[in-house]
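Coordinate analysis (summary)
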Amino acid sequence: MKLLQSNQLTEAVKVAEAWEGFVKTKYGSKSVKKETSAFRDYDIADQEQPLVAAFYKENHAKQSLAHVLEKKKLYGDLNHGKMSIWEALELMNTLVDESDPDTQLSQIAHALQSAEAARKDNQPRWMILTALIHDLGKYLFFLGEPQWTVVGDTFPVGCAFSDKIVYSHYLKENPDYHHPVYSTRYGLYSPHCGLDNVHLSYGHDEYLYHVVKNYLPVEAAYIIRHHSFYSCHTEGQYSWLLNEHDVEMMKWVKVFNQYDLYSKAEDEPDVNQLKPYYMDLIQEFFPDKIKW
C-alpha cells in the first residue's frame, strides 16, 4: 500500500472544510432535514431514542481489555466465510444500528448516502469506495455477535477512559475502570506509541480493517479502522498515544467523517439505480470474493 502525496491531502482537506460549511445550510440540491448541530446530540437521543443510551450502558460495561483480546483472536484469521463486497452490502439491508441517534435507515442506505456525498464532492475514487464500505464490519452481527460488540463509538482499553467518550459515566461499570494499571493515563502503553500498538474497544472498525487492508490505500484502511474513534478525532483526546503517522492519518479521518455523518440528512437512495456505478468501483479494488 502506498501513502498519498501531501498536496493531495491538503486539497482534500480544503474541499471537506468547504463542504462542511456549505452543508450547514444546504446539502446538494435539497434542504437539510436536520440541523447539523443536532447530529450526535445524545441529550436529544436520551429523550427521543432511549435505546441508544441503553446500548451504550451495555457496551461500556462489557468492552473490557479481556473481551477485546478474545474477539481479536476469534476473528483475526478471517476464517468465517467468503463473499463479495456487494453481497455484504446487501446483507446490511436488514440491519439498523442501535447506537446511532441520527438515522433509522438500513446500513446499505447509509453506505450509499455516505458514498454519494463523497462522489458529489468530487473526492477520489478510493475515498468514495471507503465511504461505501466503511461499515461492512457489521457483518459481525450476522456471525452472532450482539450489537454492543459490533457498533458504537470506539475507545482505548488497557488505559484510563476519557470523560469525552460518549456516555462516559457508564464506563464506571467496566471491570477495568478501577484496575491498578488499566486505570492510569498510559496503562499498558507508552507515550506516543502509536495506535497500531493500542487496543480499542472491539467492533466493526477493527474487524473490517483486517478484511480489507490488503486491497486499499493506507489512508483508506486507516479511516476504516478509526472512523468510530470520536473521542480522538473529534474531541481531541488520547493525543498522548498518537505518533506522527497517526497525526497525519487522522486528517483523512476528519475528511471522511463529513461524508459519514452529515449525509444522514439525505433521502433514502435508490439502490438499483446506483448499483452499476458502485459495482464498477468495487471491481477496481477488490476481487470477486474475499475472506471474512
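Keep in mind that what you see is a predicted model, and the values were worked out from it rather than measured. (Residues numbered from 1 in each chain as written. Predicted model: local features only at pLDDT ≥ 70, side-chain atom pairs only at ≥ 80, totals over all residues. Heavy atoms only, no water.)

Inspection of the secondary structure assignment puts serine 162 in the loop between α7 (125–133) and α8 (204–212). Among the residues examined, serine 162 registers a relative accessible area of 7% and is labelled buried. The contact partners of serine 162, leaving out residues within four places of it in the chain, are Ser168, Gln237 and Tyr238. (Helix = DSSP H or I, 4+ residues; strand = E, 2+ residues; numbered from the N terminus. Buried < 20%, exposed > 50% of the residue type's maximum accessible area, 1.4 Å probe, protein only. Contact = heavy atoms within 4.5 Å.)

Here the focus is the UniProt feature "binding site: substrate" (unreviewed entry) in the protein chain. Under the local residue numbering, the UniProt record ascribes the feature "binding site: substrate" (unreviewed entry) to Arg40, Asp97, Glu98, Ser99, Lys138, Gly152, Asp153, His227 and Ser228. As for its placement among the helices and strands, histidine 227 is situated in the loop between α9 (218–226) and α10 (230–233). By relative accessible area, which is 2% here, histidine 227 ends up buried. Excluding residues within four positions of it along the chain, histidine 227 makes contact with His134, Asp135, His204, Asp205, His233, Val253, Phe256 and Asp260. A polar contact is formed between the side chain of histidine 227 and the side chain of aspartate 135, at a distance of 3.2 Å. Among the secondary structure elements, serine 228 is positioned in the loop between α9 and α10. If we ignore the near neighbours within four places in the chain, the residues touching serine 228 are Gly152, Asp153, Thr154, His204, Asp205 and His233. (UniProt positions renumbered as here; feature names shortened; annotations may be inferred. Polar contact = N/O pair within 3.5 Å; in protein donor to acceptor, adjacent residues only side chain to side chain.)

Our focus in this paragraph is empty space enclosed by the protein. If you walk through the whole model with that rule in mind, you get 3 cavities of 30 Å³ or more. Roughly 80 Å³ of volume is contained in the second largest cavity. Surrounding the second largest cavity, Lys72, Thr154, Leu195, Val198, His199, Leu200, Ser201, Asp205, Glu206, Arg225 and His226 form its lining. Classifying every residue of the lining of the second largest cavity gives 3 nonpolar, 4 polar and 4 charged. (1 Å grid on protein atoms, 1.4 Å probe; cavity = no way out; pocket = protein on both sides within 12 Å on 5 of 7 lines; lining within 4 Å. Points joined across faces, edges and corners; volume = space filled by probe spheres on them. Nonpolar A, V, L, I, M, F, W, Y, C, P; charged D, E, K, R; others polar.)

What follows concerns the UniProt feature "binding site: Fe cation" (unreviewed entry) in the protein chain. Annotation from UniProt places "binding site: Fe cation" (unreviewed entry) at His110, His134, Asp135, His204, His227 and Asp260. Within the secondary structure, histidine 204 sits in helix α8. In contact with histidine 204, not counting residues within four places along its chain, are His134, Asp135, Gly137, Lys138, Leu140, Val150, Val151, His227 and Ser228. For histidine 204, the side chain forms a polar contact with the main-chain oxygen of valine 150, separated by 2.7 Å.

It is worth spelling out the environment of aspartate 121 at this point. Residue position: aspartate 121 is located in the loop between α6 (107–120) and α7. Residues aspartate 121 and tyrosine 259, 138 residues apart in the sequence, show an inter-C-alpha distance of 9.3 Å. A distance of 2.5 Å separates a polar atom in the side chain of aspartate 121 from a polar atom in the side chain of tyrosine 259.

Let us now look at the pattern of salt bridges. Here the structure, examined in full by the defined rule, presents 11 salt bridges. The closest approach of N and O atoms between glutamate 58 and lysine 62, which form a salt bridge, is 2.7 Å. Of the two residues, glutamate 58 and lysine 62 both sit in helix α3 (residues 50–62), 4 residues apart, roughly one turn of that helix. A salt bridge links arginine 125 to glutamate 284, with the shortest nitrogen-to-oxygen separation between them at 2.6 Å. In this pair, arginine 125 sits in helix α7 while glutamate 284 sits in helix α12 (residues 271–285), placing the two residues 159 residues apart along the sequence. Each of Arg125, Asp280 and Glu284 takes part in salt bridges that share partners, so that together they form one network. (Salt bridge = Lys/Arg side-chain N within 4 Å of Asp/Glu carboxyl O.)

Axis separation between α9 and helix α11 (residues 244–261) bottoms out at 9 Å; the angle between their running directions is 75 degrees. Comparing their axes, α11 and α9 come out roughly perpendicular. For the pair α9 and α11, the contacting residues are Val218, Glu219, Tyr222, Ile223 and His226 in the first and His245, Asp246, Met249, Met250, Trp252, Val253 and Phe256 in the second. For the contact of α9 with α11, the residue count by class is 8 nonpolar, 2 polar and 2 charged. (Axes fitted to C-alpha atoms, helices over the stretch in contact; angles between N-to-C directions. Parallel < 35°, antiparallel > 145°, perpendicular 65-115°, else oblique.)

With respect to the secondary-structure elements, proline 217 resides in the loop between α8 and α9. On a C-alpha basis, the gap between proline 217 and phenylalanine 285 in space is 9.8 Å, while along the polypeptide they are 68 residues apart.

Time to look at the side chain of histidine 110. Counting through the fold element by element, histidine 110 comes out in helix α6. We classify histidine 110 as buried; its relative accessible area is 3%. Only 2.8 Å separates the side chain of histidine 110 from the side chain of aspartate 260, close enough to count as a polar contact.

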